[in-house]
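Notes for the structure review
The residues making up each chain are set out below.
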Amino acid sequence: MAMKNFHFVLFLVLLATTSLEINAQTCKPSGGIRGRKPPPGECNRENNSDCCVQGKFYTTYTCSPPVTGDTKATLTINSFQKGGDGGGPSECDNRYHSDDTPVVALSTGWYKGGDRCHKYITINGNGRSVKAMVVDECDSTMGCDGDHDYQPPCPNNIVDASKAVWKALGVSEDNWGDLDITWTECCKPSGGMWGREPPSGERDGDNNSDCCIQGKFYTTYTCSPPVTSNTKATLTINSFQEGGDGGGPSECDEQYHSDDTPVVALSTGWYKGGDRCHKYITINGNGRSVKAMVVDECDSTMGCDDDHDYQPPCPNNIVDTSKAVWKALGVSESKDNWGEMDITWRE
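So, a few notes on the structure that sits alongside this text. (Residues numbered from 1 in each chain as written. Predicted model: local features only at pLDDT ≥ 70, side-chain atom pairs only at ≥ 80, totals over all residues. Heavy atoms only, no water.)

Notes on the packing of aromatic side chains
Aromatic rings in a pair are described by how distant their centres are and how their planes are angled relative to each other. All told, the structure shown has four aromatic pairs when counted by the stated rule. Between the aromatic rings of Trp 110 and Trp 183, the centroid separation amounts to 5.3 Å while the plane-to-plane angle is 70 degrees, which identifies the pairing as edge-to-face. Here Trp 183 lies in strand 8 (residues 179-185) and Trp 110 lies in helix 2 (residues 108-111), a separation of 73 residues in the sequence. Considered together, Trp 110 and Trp 183 belong to a single accessibility category, that of buried residues. With 5.0 Å between their ring centres and 65 degrees between their planes, Trp 194 and Phe 217 make a pair best called edge-to-face. (Phe/Tyr/Trp six-rings, centres within 6.5 Å; stacked < 30°, edge-to-face > 60°. Helix = DSSP H or I, 4+ residues; strand = E, 2+ residues; numbered from the N terminus. Buried < 20%, exposed > 50% of the residue type's maximum accessible area, 1.4 Å probe, protein only.)

Dropping the structure here:
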């Protein structure tokens, strides 16, 4: 009997430990505040927004759930206009924004101290999608005061949107308020450049790689699509050997790498300024998978010069790999098969 009790207690301990490990991966409350009744006329009830209740306990958060390729959230409605229920001007630019403009405020954790200011997100809901610009924080850490229009702290999973967003999603006006959605970060072009024809003999034709075309406009990016557990990408081929079409030595270590070694270059956004250098990623394609080490950047911001072997800027979704990766994925070697392939990758 004593042994049974011991096993039962051990089971409870293991269960509690597992629960703690799971909770550690989630966003837990940071504290809370007691509600204060707003002074008369000081809580704008436009869009049926909540007003703080005297003495009610409101949970606060400094974090939000992890951002993925399709981040689950609750869409709420807000007026970012002067005199609207959004309170003061938006944090990102200290300005007001029209209800007819698709703009949003994000919960504190997603707002990231303003790191997402003026960036666009894609909101998916009601069978439609819309792009909207981040202009404000939906404060999950404070509330129930004049600065927050005497509204409670924001939950940690909110995309607080203007009327224009709700209209774009095709939601009838009598249903505006709360809607389950997903959102993703948009990677928009950062600019572009005009192509320059490579000087005679200055271009390596290995792996049928593209040459810059004189006068052609090439889009540039400083970002890449969000990284998920299965990030979609285009697999391309490159030689990291000396004299190959990769140009100079790899950025991570200023060395060349054999075509027989599974190594990769990532588009600028995924390369993260070298943060992924010498880390391994798993590439899935053609029904197989292979691990390869990140050794270089596939530059999405520059190109058409000697440093880039007179190739155009890299698209923002490229995993540029050695021949060893293509062989490991079982892709038959031919001009038609080696070059570009849809894949997914994960860290």
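Describing the environment of Tyr 280
Summarising the element assignment, Tyr 280 is placed in strand 13 (residues 280-285). Measuring from C-alpha to C-alpha, the distance between Tyr 280 and Lys 291 comes to 6.2 Å, with 11 residues separating the pair along the chain. Each residue touching Tyr 280, except ones within four places of it in the same chain, is listed here: Lys 291, Ala 292, Met 293 and Glu 347. (Contact = heavy atoms within 4.5 Å.)

A closer look at a positive patch on the surface
There is a patch of like positive charges on the surface, built from Lys 112, Lys 119, Lys 272 and Lys 279. Residue position: Lys 279 is located in the loop between helix 4 (268-271) and strand 13. By relative accessible area, which is 47% here, Lys 279 ends up partly exposed. (Patch = residues over 30% accessible without salt bridge, like charges linked within 9 Å, V, L, I, M, F, W, Y side chains within 5 Å. Areas by Shrake-Rupley, 256 points an atom, 1.4 Å probe, with all protein chains shown as cover. Salt bridge = Lys/Arg side-chain N within 4 Å of Asp/Glu carboxyl O. Lys, Arg positive; Asp, Glu negative; His and termini not counted. Charge placed at Lys NZ, Arg CZ, Asp CG, Glu CD.)

Quick look at the state of the cysteines
Per the counting criterion, the structure on display carries eight disulfides. Here Cys 92 is linked by a disulfide to Cys 117, with a sulfur-sulfur distance of 2.0 Å. Torsion about the S-S bond of the Cys 92 and Cys 117 cystine: about -85 degrees, corresponding to left-handed handedness. Pair noted here: Cys 92 is in the loop between strand 3 (71-77) and strand 4 (103-107) and Cys 117 is in the loop between helix 2 and strand 5 (120-125), with a separation of 25 residues, a long-range link. Each sulfur in the disulfide pair Cys 252 and Cys 277 lies 2.0 Å from the other. One disulfide, between Cys 252 and Cys 277, carries an S-S torsion of -85 degrees and so falls in the left-handed class. Here Cys 277 lies in the loop between helix 4 and strand 13 and Cys 252 lies in the loop between strand 11 (231-237) and strand 12 (263-267), a separation of 25 residues in the sequence. Of the residues examined, Cys 252 reaches a relative accessible area of 19% and is grouped as buried. The thiol of Cys 186 is not disulfide-bonded; the next cysteine sulfur, from Cys 187, is found 8.9 Å away. Cys 211 carries a free sulfur, and the closest cysteine sulfur to it, the one in Cys 212, is 7.7 Å from it. (Disulfide = S-S within 2.5 Å.)

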